[in-house]
Amino acid sequence: FGIAGKAWLEWKSVWLAEVVPYFGKKKLALANQLRKCVKGEGAKEIQHVPLTDPNAYETMWKALTDRFDNVALNIAVILSEFDSLKSVESNKDHVGLLAFIRTVNSAHIQLKSLDHVDQVDSFRVNFLNSKLPFYLQEGWAEKVATMTSKERFHPFKQFVEFLNSK
């Protein structure tokens, strides 16, 4: 990764879920692995930290999170992916629909990891829905009709579930 946004979020998630548990309390090994794995702008943030420092891992990790954990920017990057989504106009465009669903799912997972799924309100969901084939737009309208008023204001979770059921 070299910039904030999707690359950082994905990299950070894998690092915390896979690498940190593997090395456990071996902080020197974690610091060494971090130095090997981080490239680009991230490497510039940690290259000055000597591995001989007993707090090298904590210092490096703090430098990375201070630089790249910009929640507002990360959310903006995630949501901007919606603007580049192509409309799936044909009922027979299964490849296009699959790409659409994968992009929306990815955004949902990333927003969930940031605890900001509610950033996708009904206006943005309606925008996404407008890019779907008519039969799915109708199906979504039927689903919305069964929701509470609170669910209607922030329906992204339900929209993702609806897409995954197709």
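Presented here is a report on the structure given in the accompanying data block. Here the structure is a predicted model, which is why all the values come from computation and not from measurement.

Cut-offs applied
- Residues numbered from 1 in each chain as written.
- Predicted model: local features only at pLDDT ≥ 70, side-chain atom pairs only at ≥ 80, totals over all residues.
- Heavy atoms only, no water.
- Axes fitted to C-alpha atoms, helices over the stretch in contact; angles between N-to-C directions.
- Helix = DSSP H or I, 4+ residues; strand = E, 2+ residues; numbered from the N terminus.
- Left-handed = near helix turned anticlockwise from the far one by under 90°.
- Contact = heavy atoms within 4.5 Å.
- Nonpolar A, V, L, I, M, F, W, Y, C, P; charged D, E, K, R; others polar.
- Salt bridge = Lys/Arg side-chain N within 4 Å of Asp/Glu carboxyl O.

1. As for the packing of helix α6 (residues 94–113) against helix α10 (residues 156–164)
The geometry of α6 relative to α10 is characterised by a closest axis approach of 10 Å and an angle of 145° between their N-to-C directions. Pair α6 / α10 crosses with left-handed handedness. Residues F100, I101, V104, N105, H108 and L111 of α6 pack against F156, K157, F159, V160, L163 and N164 of α10. The residue inventory of the contact of α6 with α10, partitioned by class, reads eight nonpolar, three polar and one charged.

2. Details of the pattern of salt bridges
One pass over the full model with this rule turns up seven salt bridges. Its salt-bridge partner being D69, residue K12 comes within 2.9 Å of it at the nearest N-O pair. Of the two residues, K12 is situated in helix α1 (residues 6–23) and D69 in the loop between α4 (56–68) and α5 (71–83); the sequence distance between them amounts to 57 residues. Between E45 and R67 there is a salt bridge whose closest N-O contact spans 3.3 Å. Of this pair, E45 sits in helix α3 (residues 40–46) while R67 sits in helix α4, and the two are 22 residues apart along the sequence.

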